[in-house]
Amino acid sequence: MTWNRRTFLGTGAAVVAAPHVLAEGQGKSRVVVIGGGAGGATAARYIAKDSEGGIDVTLVEPTRTYFSCFFSNLYLGGFKTIDDIGHTYGALAAAHGINVVHDWAVEVDRAGKIVTLAGGGVLEYDKLILSPGIDFVDGAVGGWDISAQNRMPHAYKAGSQTELLKAQIAAMPEGGTYAMVAPPNPYRCPPGPYERISMVAHVLKASNPTAKIIVADPKPKFSKMALFEEGWANHYPGMIDWIGEEFGGGNVSVDPDAMTLTIDGDETAVDVCNVIPAMKAGRIAEVAGVTDGNWAPVNAADMSSKADPDVHVLGDASQQGDMPKSAFSANSQAKACANAVRGALTGSKVFPPRYSNTCWSLIAAGDGVKVGATYEATEEKIARVDGFISQPGESTELRQATYEESEGWYAGIIADMFG
Amino acid sequence: MCRAGFALTALAAVLAGGSVTGNEAPSLDPAILTIEGDAEWGEYLAGECLTCHRADGLAEGIPRITGWEPDDFVTAMHAYKQNWRSHPIMQMVAGRLSDEEIAALAAYFKDLE
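Residues numbered from 1 in each chain as written. Chains lettered and ligands numbered in written order. Predicted model: local features only at pLDDT ≥ 70, side-chain atom pairs only at ≥ 80, totals over all residues.

(A) The confidence of the model for chain B, seen in detail. Residues and elements named next belong to chain B. This prediction gives chain B a mean pLDDT of 85; 78% of its residues lie at or above 70. Averaged pLDDT values over the elements of chain B bottom out at 47 in helix 1 (residues 8–17) and peak at 97 in helix 5 (residues 99–110). Low confidence marks residues 1–10, where pLDDT is under 50. Its contacts with residues over four positions away, or in another chain, come to 18 contacts. Overall fold confidence (pTM) sits at 0.92, and the ipTM for the predicted complex is 0.86. (pLDDT = per-residue confidence, 0-100. Helix = DSSP H or I, 4+ residues; strand = E, 2+ residues; numbered from the N terminus. Contact = placed C-beta atoms within 7 Å.)

(B) Focus on the domain arrangement of chain A. Residue and element names in this part refer to chain A. When the domains of chain A are assigned, the result is domain 1 (5–135 + 280–350) and domain 2 (143–274). Taking the mean C-alpha position of each, domain 1 and domain 2 sit 33 Å from one another. Contact residues are listed per partner, giving 18 residues for domain 1 and 20 residues for domain 2. Broken down by element, the side of domain 1 that touches domain 2 gets its largest block of residues, 5 residues, from helix 4 (residues 72–76). Counted by class, the side of domain 1 that touches domain 2 contains 10 nonpolar, 6 polar and 2 charged residues. (Domains from an automatic or database assignment. Nonpolar A, V, L, I, M, F, W, Y, C, P; charged D, E, K, R; others polar.)

(C) Structural context of the sheet that holds strand 13 (residues 240–243) of chain A. Residues and elements named next belong to chain A. Taken in spatial order, the 4 strands make up an open sheet running 13-12-11-17, and their pairing is parallel. Strands at the two margins of the open sheet, each flanked by one partner only, are strand 13 and strand 17 (272–275). Across the sheet, the mean angle separating the axes of adjacent strands is 15° when strand polarity is ignored. Bridge count between strand 11 (residues 177–181) and strand 12 (residues 212–216): 5 bridges; the pairing is parallel. Residue pairing across strands places A179 opposite I214, the latter belonging to strand 12. (Pairing = 2+ DSSP bridges. Axes fitted to C-alpha atoms, helices over the stretch in contact; angles between N-to-C directions.)

(D) View of the pairing of strand 2 (residues 55–60) of chain A. Residues and elements named next belong to chain A. When you tally the buried positions in strand 2, you get 5 out of 6 residues, the bulk of the element. In terms of strand pairing, strand 1 (residues 29–34) meets strand 2 through 6 bridges, oriented parallel. Across the sheet, the residue bridging to R30 is D56, located in strand 2. Since strand 1 and strand 2 lie parallel, the crossover through helix 3 (residues 40–51) that links them has a hand, and here it is right-handed. Across 3 bridges, strand 2 lies against strand 5 (residues 99–101) in parallel orientation. Bridge pairing in strand 5 links V60 to V101. (Buried ≥ 20, exposed ≤ 12 C-beta atoms within 10 Å, placed from the backbone. Right-handed = clockwise from strand over helix to strand, strands pointing away.)

What follows is the structure in structure tokens.
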């Protein structure tokens, strides 16, 4: 259905959720959020900010510094420093009173509503929000497992992996080969692998112009394909060899000790091998028993789990319908979820969800492109309503403006996540 | 819908902020500017804006939207909604906002400094 103001005002009594307000003296309602990325940090901040201290919010996040996966390709390309993409949780604690716990959540007892931490701590909750991002599917790429990630980094969880990949690119021999094993759908950040290829090409064009780039891809096409292909032809002619499904790009294996990549039976020696395996919901979603297959199905109206109305799953880990797995999507979903959770716990007004997404990508210096869409909640899923995409052949001025806009977005979403 | 034009002062504010398309000049029913916005509703709706625009009013690469006069805010949003002011994201976002929703956003952002 399409929501409008009349819809929700007209049925106001129905949409204001029955409050789970604890009697005076029993203490405040408790929300535990697991995962401090674009979904979790945003949800924690909005619930704490909008409830004005009325809800106890605990954010469980193992890392003290969050390195955003979004814009990490720009670090690889030399457009950002590692510090530019690193952020801490101090303001969430200081300005919003969020209890920030740097630990791993290792167990969820949904019947008892208890989360257990690796350090032995126990957190009770009235509502649990899981936003754990992604993990990798075991055995997705022959010859690769997590123990090989230093030889063949994924760099798809930003931080030390991204720094490692950048160092490996810098150390490539003259005329060497950078290979990427691209992931199958669905995965985090659909244009991400191809923006990464662009940024690697940008670096190598300047420092190692006879180097080659190979992409083995299990997909027949990819996000913003026409835009990337045009950009690669314009900026990096002859440098990038994309091998799609049709040419065996999905039939790959690697040997991390020998540093070889085999595509459809042909073995190639490579100097850097960036293996981005198939993905699944972050492990705690599976531990909590809210996954079905690789992802956690949710209700479109409030991102609540289809397995448990008191558990919500945000961002990459969720299976919600048409939204891409992106930071923008997770941030958008977090606000709808925060509004619903606050309403359920305090009786505050619950508004219909509003979902939207935009993904910017950088192809070369000053050559930015974007794709975006709006979405609505239906009974079945989050469904796409309307969208746009940059067009091939746009002016350099427009592409520059698009890049500058992406920088503004980055500053905006970081402020929206971390306060 | 009345085919009255945009108020001149508001139109000037719109033009100062961005380019326009070659589409037919838009119309804005003066009654739209009299809608009283619900700031609480606007605060929720603002979540969609604040993924990009800064609540603290800082602007770098993306314009400031806090502290606007409501008439200017409403006029600008309707210029996007009618695809007269060019920007694909803003046309998309404004395109699905109702007149009441735009008024609610204007009421909320007016007092955000």
